[in-house]
Structures are given as structure tokens and as C-alpha cells.
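Secondary and tertiary structure notes
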Amino acid sequence: MNEPSSVPEQVDVVVVGAGFSGLYMLYRLRQLGLSVYVLDSAGDVGGTWYWNRYPGARCDVPTTDYAYSFDPELEKAWTWSEKYATQPEILDYLRFVADRYGLRSDIEFSATVTSARWDEQEKRWRITTGHGTEIRCRYYIMATGCLSLPKSPDIEGTDRFAGQVYFTSRWPHEGADLTGQRVAVIGTGSSGIQSIPLIARQASQLTVFQRTANFSIPAHNGPASADRLKQLGEDRDGYRHAARWSRGGIPMEPTDVLGVTASQAVRRERFEAAWELGELFGILNVFADQAVNPASNDILAEMIREKIRSIVKDPETAEMLSPKGHYFGTKRPCLDTGYFETYNMPHVRLVDLRKQPIVSITEDGIETAGQSFGFDAIVYATGFDAMTGPLVGANVAGRDGLSLKAKWEAGPSAYLGLMTAGFPNFFMLTGPGSPSVLSNMTVSIEQHVDWVARCLKDMREEGFETIEPTALAESGWNQHVQDCAAITLLPTADSWYMGANVPGKPRVFLPYIGGVDAYRQACDDVVEQGYLGFRMTGPGGDRCRDGIIRRMQPDVAMVLEFLAAMGLPPLDTLSPADARALMAATAATRPPGPEVGEVTDGVIPGPSGDLPYRLYRPAGPPEGPRPLVVYFHGGGWVLGNLDSDDPLCRDLCERSGAAVISVNYRHAPEARFPAAALDAFAAVQWADANAVELGGIPGQLAVAGWSAGANIATVTCQQARDARGPHICGQVLICPVVDSDMTRPSYQENGDGYILTTTLMRWFWDHYADPADRGHPRAAPLRGDLQGLPSTCIVAADFDPLRDEGVAYARALEAVGVPVRLTRARGHTHTSVTMVGTVISGAPVRAEIAEALRDFFPAAEPLEHGRSWAMPGRMKRPGAPERQNRTLRATGPRVVTAAVVASRYARQGAFHERDPGRNPPFVREK
Ligand code: NAP
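Here goes a summary of the coordinates provided. (Residues numbered from 1 in each chain as written. Predicted model: local features only at pLDDT ≥ 70, side-chain atom pairs only at ≥ 80, totals over all residues. Heavy atoms only, no water.)

Turning next to the sheet that holds strand β14 (residues 365–368). The strand order across the open sheet built from three strands is β13-β14-β15, with neighbouring strands paired in antiparallel fashion. The sheet terminates laterally at β13 (358–361) and β15 (371–374), the two strands that pair on one side only. The average undirected angle you get between the axes of adjacent strands in this sheet is 15°. In terms of strand pairing, β14 meets β15 through four bridges, oriented antiparallel. Residue pairing across strands places glycine 365 opposite glycine 374, the latter belonging to β15. (Pairing = 2+ DSSP bridges. Helix = DSSP H or I, 4+ residues; strand = E, 2+ residues; numbered from the N terminus. Axes fitted to C-alpha atoms, helices over the stretch in contact; angles between N-to-C directions.)

Quick look at the side chain of aspartate 525 now. You can see aspartate 525 is positioned in helix α17 (residues 516–528). Residue classification places aspartate 525 among the buried residues on the basis of a relative accessible area of 18%. Each residue touching aspartate 525, except ones within four places of it in the same chain, is listed here: Ile549 and Arg550. (Buried < 20%, exposed > 50% of the residue type's maximum accessible area, 1.4 Å probe, protein only. Contact = heavy atoms within 4.5 Å.)

Of all hydrophobic cores here, the largest spans 85 residues; its most connected members are Leu29, Tyr68, Tyr93, Phe427, Trp451 and Leu456. Top element by residues in this core is helix α15 (residues 441–462). It accounts for nine residues. Look past the residues within four positions of tyrosine 68 in its chain and what remains in contact with it is Gly19, Phe20, Leu23, Tyr24, Leu74, Glu75, Tyr93, Leu94, Val97 and Glu446. One finds Leu611, Leu628, Leu639 and Leu756 within the second-largest nonpolar core, a separate group that totals 62 residues. (Core = buried A, V, L, I, M, F, W, Y, C linked by side-chain atoms within 4.5 Å.)

Turning our attention to the site of the ligand. Neighbouring residues of the ligand: 25 residues in total, closest Arg58, Lys151, Ser191, Gln194 and Thr212. In the model, a nitrogen atom of the ligand is placed 2.7 Å from a nitrogen or oxygen of the lysine 151 side chain. Between the ligand and threonine 188, the relevant distance is 2.9 Å, taken from an oxygen atom to a main-chain nitrogen or oxygen of the residue. When isolated, the ligand has an accessible area of 900 Å², and the protein chains bury 91% of it. When the residues that make up the shell around the ligand are grouped by side-chain class, the tally is nine nonpolar, nine polar and seven charged. (Near = heavy atom within 4 Å. Polar contact = N/O pair within 3.5 Å; in protein donor to acceptor, adjacent residues only side chain to side chain. Areas by Shrake-Rupley, 256 points an atom, 1.4 Å probe, with all protein chains shown as cover. Nonpolar A, V, L, I, M, F, W, Y, C, P; charged D, E, K, R; others polar.)

Pairing in this open sheet of three strands is antiparallel, and the strands run β19-β20-β21 from one edge to the other. Bordering the open sheet on either side are β19 (466–469) and β21 (541–544), each of which pairs with just one other strand. Neighbour-to-neighbour, the strand axes of this sheet turn through a mean angle of 10°, independent of strand direction. Summarising the sheet, β19 and strand β20 (residues 534–538) pair through four bridges and their orientation is antiparallel. Its bridge partner being in β20, threonine 466 is matched across the sheet by threonine 537.

Let us now look at helix α18 (residues 554–566). Helical periodicity: at 3.6 residues per turn, an α-helix aligns residues three or four positions apart in one direction. Over its 13 residues, α18 runs 19 Å from end to end, which matches the ideal 18 Å to within 8%, given 1.5 Å per residue. Inspection of α18 places Pro554, Asp555, Val556, Met558, Val559, Leu560 and Phe562 among the buried residues, and these make up the whole buried set. (Expected span 1.5 Å × (residues − 1).)

We now examine the pattern of salt bridges. Considering all chains together, one arrives at 62 salt bridges under this definition. The salt bridge partner of arginine 666 is aspartate 679, with a shortest N-O separation of 2.8 Å. Taken together, the residues span a long stretch of sequence, with arginine 666 in the loop between β25 (659–663) and α21 (675–689) and aspartate 679 in helix α21 at a distance of 13 residues. Under the relative-accessibility criterion, aspartate 679 is labelled buried at 1%. Each of Asp44, Asp92, Arg95, Asp99 and Arg104 takes part in a single network of salt bridges with overlapping partners. (Salt bridge = Lys/Arg side-chain N within 4 Å of Asp/Glu carboxyl O.)

Attention shifts here to the state of the cysteines. Counted by the stated rule, this structure contains zero disulfides. Its sulfur unpaired, cysteine 544 is 13 Å from the next cysteine sulfur, which belongs to cysteine 455. The class for cysteine 544 is partly exposed, based on a relative accessible area of 29%. Here cysteine 735 stays unpaired: no disulfide links it, and the sulfur of cysteine 793, its closest cysteine neighbor, is 11 Å away. Judged by relative accessible area, which is 1%, cysteine 735 ranks as buried. (Disulfide = S-S within 2.5 Å.)

Close contact between helix α1 (residues 20–31) and α15 brings their axes to 9 Å; oriented N to C, the two are set at 30°. With respect to their mutual orientation, α1 and α15 come out roughly parallel. Handedness of the α1/α15 crossing: right-handed. Between α1, through Phe20, Ser21, Tyr24, Met25, Arg28 and Leu29, and α15, the contact on the second element is made entirely by Thr442, Ile445, Glu446, Val449, Asp450, Val452, Ala453 and Leu456. By residue class, the composition of the contact of α1 with α15 is nine nonpolar, two polar and three charged. (Parallel < 35°, antiparallel > 145°, perpendicular 65-115°, else oblique. Left-handed = near helix turned anticlockwise from the far one by under 90°.)

Let us look at the pairing of strand β16 (residues 377–380). Each regular strand displays side chains that alternate between the two surfaces of the sheet. Covered by surrounding structure in β16 are Ala377 and Val379 together with Ile378 and Tyr380, the residues of both alternating faces. Strand direction decides the pairing type here: strand β7 (residues 164–167) and β16, joined by four bridges, are parallel. The residue bridging glutamine 164 from the neighbouring strand is alanine 377, located in β16. Pairing analysis gives four bridges linking strand β8 (residues 182–186) to β16, with the strands arranged parallel. Within β16, the position partnered with valine 185 by the bridge is valine 379.

Written out as C-alpha cells, the structure reads:
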């Protein structure tokens, strides 16, 4: 095998693992002229493909794509025999690669690393192996894989069984003859689903113990896809490039079709095509919104369940095999060959562990609640301590003896999934926080290896010897990883992606779901920005550009990209009339916001003519009057109307349980300062006087507004205080304009590129107020008397030019004793928090606003008139507003139009609102 003849005392780099990532890492490091030593506890190369030898083990990414792409000659030299190669063939491939590049001479097999310790004095790692040798190295690289440490079966009595015991992840090299045996298989993940049909062929009786039914589609294995081969043949480089810059690591055009709006015929057609194709990325791309919208996901899941019911003859077994309780794709879906058909065989039986849990493994079989089974062999297909297990189990100690296990006790923390602070020169390939298991692994592996190789080369050229991420950069990336996951349905499942399969493991979403392309871009940007977030030291000096590479919420970034691609003219280049028309056209394409109990339009008398209003009443109990919130829309005093903020008002109403009355006001330039402020105050006075008729609770009145609407809302509070009424319980100011000073740092940082620009803000001010008036407290309320204002909730968004004035207002209010709740809209722009139904990450901020609103109002018993209120019209007094009972509902065309816009976001993972209050998690049966 041409292994190394002796163990070196010192090398530049030690790599652990000789699978796909370790082999390529060795190849690349050698190219750099570095000395490398690779250790692997296996007897040969192969990594996961060395160990996972169970019957039926195959890759489930097409082999055209599940292969190295770094050397075109290698690609020419190897031909896969099938669409999905078997484990032996993949192992042969890796052996072929090792031999072709002479890699074995730097690999020690059957060598376990027992510990790794950073020596700060020497700036070296000290690696100790099971053979008692110590190797010192500058860089230590874990190429240990994501699914390599088997989970110990958390089942009572596993050591009691006297028969044969097998683990799919450690299948005997000589194979296992199960002919004529009574066999149990525990576990129905990918390993179970692949092996069960083959085990059934040998066993005289096969009993499958299933805790969670899994989604699986037929692999339709056979020759490699003619289409993919053609594309590769015609333009290999183009194909590989497309894979590297794709979402999942396989060239694929993401669909724009939304499950919720597609016709039955289109849904069926897309689903059947994906079923026939037999590719994971195909079934994950049936609908653009399936990963984010529960309704869309349900449509797809039900079509898969239908298939299962059509294959499995016994209805009871079919029902048991039909996955319920988790959304499709939130646990890793499987590809199978005859899996469901296997249950039609007379000697195969399925036991549902939800109904009949395992009590214990016994000497001769398995005892479940109410039934004992006798077996000759038990196969555990119970999975892995995924992603973090192989790393924290490796006894790694960084600076000051800090162990990785201790550092990651509450969950992994890594910058780009590549490095972790406190562990200099320690790299992880496909570590937590990188796309890895959510992607075609080979593409992700090559990207990681290439990045590390480039990093070491750059360090050498610039005279650096150590590299380590900063705490800030690392926590920023961790946050981004969680933000990306949070807009999808994936964190709702008890999956190994969440660490939920291992008892006691912290629940954290482990991989990066933002996409291979987005991830690659982030890694490239880090390098481009002088290794942002890394500290490097050495003879070349000490260099650290600290910072966070992705601070924006992922769905907000998508919206910005989308808007940029639309190429709309900047509002400040238009006339007010054209700007209003553009705003109206954009508003017409949005998702409509949630349904509420009732929406009525009317008019109220303003100081200079009628002011239109729209009243939103929440659905559901309790019946009777509600606290009342008078809301003012945004739009720089120039734009906007009742429609422009309609989804936001619905959302506030539904979340807070308050009635919301959105009142329009006179706009500039037709009516300049202080017209808007005067109208707003009149509206609040009127709402207070007519609270009962509006279904409000007298004395429970708050004001709210966004942007310029927040400006007039808080000016109203100042006016009400001065006029000694009406009594206002609280004010919600979302990204408010409270000053005309445009020199604060947030203007410098965010004045360009985030929709509300400095130029646009100037345009608004110019239309609204003369320069001489802009310092007046009714234009710049920050400059007014703030004493005695009501409790305040201010939302300040990170990427808003108005951020700092919002914060300044909060501080100024606090200074005079006003209770203030300052809500930071992390990663948001001036507009994104209000984008109901499009920007999912805004939902938690709006939930906080609703909570603030509820806190404003004292808990009160419904008043006597409550019952009558529920019957519109009964309570109408002379002069009270007309209740029109015009309920605005989400209409078909409106949804469809919105979908066109939203699908762009959706296909990248956004679109549907989801937060704990909205989509209660499934009731788990476990
Ligand atoms: P897995 O997906 O974690 O499945 C483990 C199975 O064992 C699940 O059905 C699990 O039930 C069950 N289980 C675990 N502990 C149990 C217990 N104490 N009692 C009863 N049932 C128990 O593991 P895997 O099948 O080995 O697959 C892991 C991953 O490896 C896959 O998702 C895939 O990414 C990769 N893989 C890929 C391939 C391929 O490319 N072809 C093949 C195999 C594996 P619950 O779901 O209820 O936890």
C-alpha cells in the first residue's frame, strides 16, 4: 500500500481523515509544498465509504456530481457504472484517486488520534496517536466527516442480546449472511431504508422497528442520467462552475412555482416529474415555497403519502409508513430501491414504536410494550452523532487548555464552519455552520479545501504563522447561520440537523442552509476584505480586521437583491404623483397580510376636511371591546395611504388583539408642515371621543406609526400632553423620523443602498417642511419637551439611516423618566420590518411590538356594551362613524400577483411568515 515508513516528529500540517475531504486536502497541501501527515483509524482510504458497508449502501447524489472536479483528467479517467454508485464502487474510486496521486505515502492507517493540544510557546499543535507517538505540526485539520461517529443506541439492554448484532455504520468487512434468520432492524433513516429491502431478501423473518416514518422517493437507479452526461460532455467546466455556484451543489434551475398558488394540474405534474426523476434535489425543488410555507409543504407531503398508500397493500401498514408530524425535508429525505414494496412481502412486519415502544433488548430478542419478539440478529440503523460528534470527541485542547468539548457544550460555535476562536491554526472541513450535509458534499468539500489551501498560501506569502477567528466574527456567523435556518421550517423537526437524535445534545441548527453559492460568496468576501474576522500573527506582524461578514437578515438581503434587479427608478427622481403611482403598483403585488376579524372603512372629520380611516378588529374571542390603536402610515409625509400599510395593520391587529384604526392624513407637498401633524392630533382626539362606537375601551388608546407616520404619532403625544388630553397609554414608533439632522453615523453608514436613502430623505423633507420649520418640535420631536410622554416602544433597524435618531429619542425619553422599550430590528432596513408576508425575519420584531402594545393597556374586564358591539350597527349613535362592513380578504388575483414577487424570495428560502405564535409546533408523540 506504500504507506509511510516512519512517523515524522514534525510536519507543517496534520490532517485527520482520509475520506473525500482528507484526500483532497492532502493533494492541495502537497501542491503548496507543505509537509503533510494524514492519520486515519480505518484500514484504508474512504472515510464514511470505508465504514458504511451495509447491504444496499449507495450514494444518493448522482455520481455524475458525487465526484471530485478539481482535475479534468481524473474525470476522464473514471467512469461510473450507475446513476447512484454502490459503496464498493465509491470506495474503489477513492482508492483509485489515492493511487493516481500517490497519496498513500503520507497516510498512516489504523492510527487513532487520542489528543491534540496547542502549544502556545511553540505555536504548534502536539498530536498524540493511539500508538503513543507525538507529532508536532503548525496546522491541524480535521477532515473527519459529518456522519462518522455512530450514535450509541440509547436503548435499554443492548448488551444483553445473545444473537448477532450489526450496526449499519460498522458493517463487517466480510459481510453478514442473514439467510434464513429472524432479523430485527431498528431505525428507518437513510441507512435503514437502503438496507431493509436487501436484508428482507435473505431473512426468513424481518421485523422493522420504526420510531419515525420517513419520506422516501424511488431512486430509479440505472445508468447515469443521459441529460447530465450530455451537459458534462458538452461543457464540463460550465457544468462544474454552475454546480459550485448553485444552491445545493448540483446545477439546477430553482423553480418559481409556489405550491400554495399553483393549480392542481401543475402541482401534480411537477410532483410526478420529480417522483420519476428520482433525485433528492428534484423532490426538494417541486415548489419554491415548500421549505418555508407549511401549507405548500403539506400539499407535497400528502402527494408522497398518497404514493406510499398506493404501493403498500396493507392499509394499516401503509398508514404507519406515511410520515406525519414533521414537514417534508425537515428530516433528511431518502432515496430508496423498493423500500415500501418490501412491506408487501409476507415475512416482513413493521412495528410502530410510537404505539408500542421498546422496553428492552433481551437475551433472545426485543421486548416492546405488550409484546416480545425473538430474533437471531439485530441490526441497528440508528444514526450518528452528526457534525459535532467527531469533533468534540477528538480531545482537542486549544489555547490555555480550553477543550473544544467544553467550548461547544451549549452547541457549536465556528466562523464559517471552518475555525473556532481559541483554537489557532485548527481547521474543520465541512464543520458546523457550513453547507455540508445540506449540499452535494463533494462540491462543499472542494470549496472548503480550496479555501484552507489558499489561506495557508496567503499566510505564508504575507509572513503569518497563526490564524484564528475573532469572537465577534464567530458569533456574527453563528447568528447568520441561525437566522437562515429560522426562516425555514427545518428547525421545527426533531432531526439530526438539530442535534435532536442524540439525548442531551444541545438543540442548535447545525448546517448552513443559506446555500452553497451564498456560502462560497461569504468565504470569498472574507478573503477579499483582508481575511475579515481573522487575526493573523507572525513575522509579518499582527493583523486583524475585525467584523461580521453577514449582518443582514437573509430574507432582507434577498428583497434588496430582488429590488435592485427590478431596476426601479429612485423615488426621489420622480414627481410626487409618479412616486405615489409607483408605490401603489408595488403595494398591489405584496402578500395581503393576515386575515383579521373585520375590516371597515370610513371617514372622520379632520381640521381641513374628511380623513379616511380603516378600522381592523381582531378575529376570535374575547368578544367585546378592545383597546384601540390609532395608526399612521409611513411615506415621508408625501406618499402612502390606507392601502400602503394595510398588511402591517392587519398584522399588528392580529398579534396584539387590539383594534387598529389606520387614519390617512394630508400629504405634502400639497399640504406642508404642520398639516400632517394637525390631522394626526385631530384623528386621535376623534378616536378617543368615539372609542365606544369604534369598539374600543374608553381610556385604552395608544398611537403607532412607521417612519413619518411615527413622526406624527409622537408629535401627537406631545400635543395631547400639552392639551391635557386625550389620554394616550403608549406610543409605538417604528423606525421613526424624529429629527431633521442628517449627520448622525447611521446616515453615513446606511444612507445609500437600503431603500430609504439620504437623498430620498432629503426629498421628503424638502416636500414637507421649509428649512426654518425643520427644527420645530412638531417636525423634529426629538427637539421638543419630552416630559410626561406615554410609555414608548421604539424600533430601530440596523440598516436604517434613521436608526440613530430613533435610539437618540429612546435615550432622551428615558432621561426624563418615560418608560421606553427600544427594540433593535437586527439585520433589518427601514422598510423590511413592515414587509408582512415577505420578510419572515421581521415577524419576531412585530411580535415584540405587539407585546409592547399589550403592555400599554391595563388588563380590563370587557365593558357592558361589549356584546352589542359584536353586532355592527347596533351601537351607532348620531354622529358616530359609519361602519361599512367591507371586509378585505386575500383574494385570488391579489395572492397570485404577490406570488410573482414573492416567489423570487421564496425560491431562495423566504416568503412565508413563521414564528412561534403563528405556527404552533406539531404535538410530538415522543
Ligand atoms: P438517521 O437518519 O439518523 O436514522 C436513524 C434512525 O434510527 C431513525 O429512524 C431514528 O428514529 C431511529 N432511531 C434512533 N435511535 C433510536 C432509538 N433509540 N429507538 C428507536 N429508533 C431509533 O441515520 P442514518 O439512517 O444512518 O442516516 C444518517 C444520515 O447519513 C442520512 O440522513 C444521510 O445524510 C446520511 N446517509 C446517506 C446515505 C446515502 O447517501 N445514501 C446513506 C445512509 C446515510 P427517529 O427518526 O425517530 O429519531
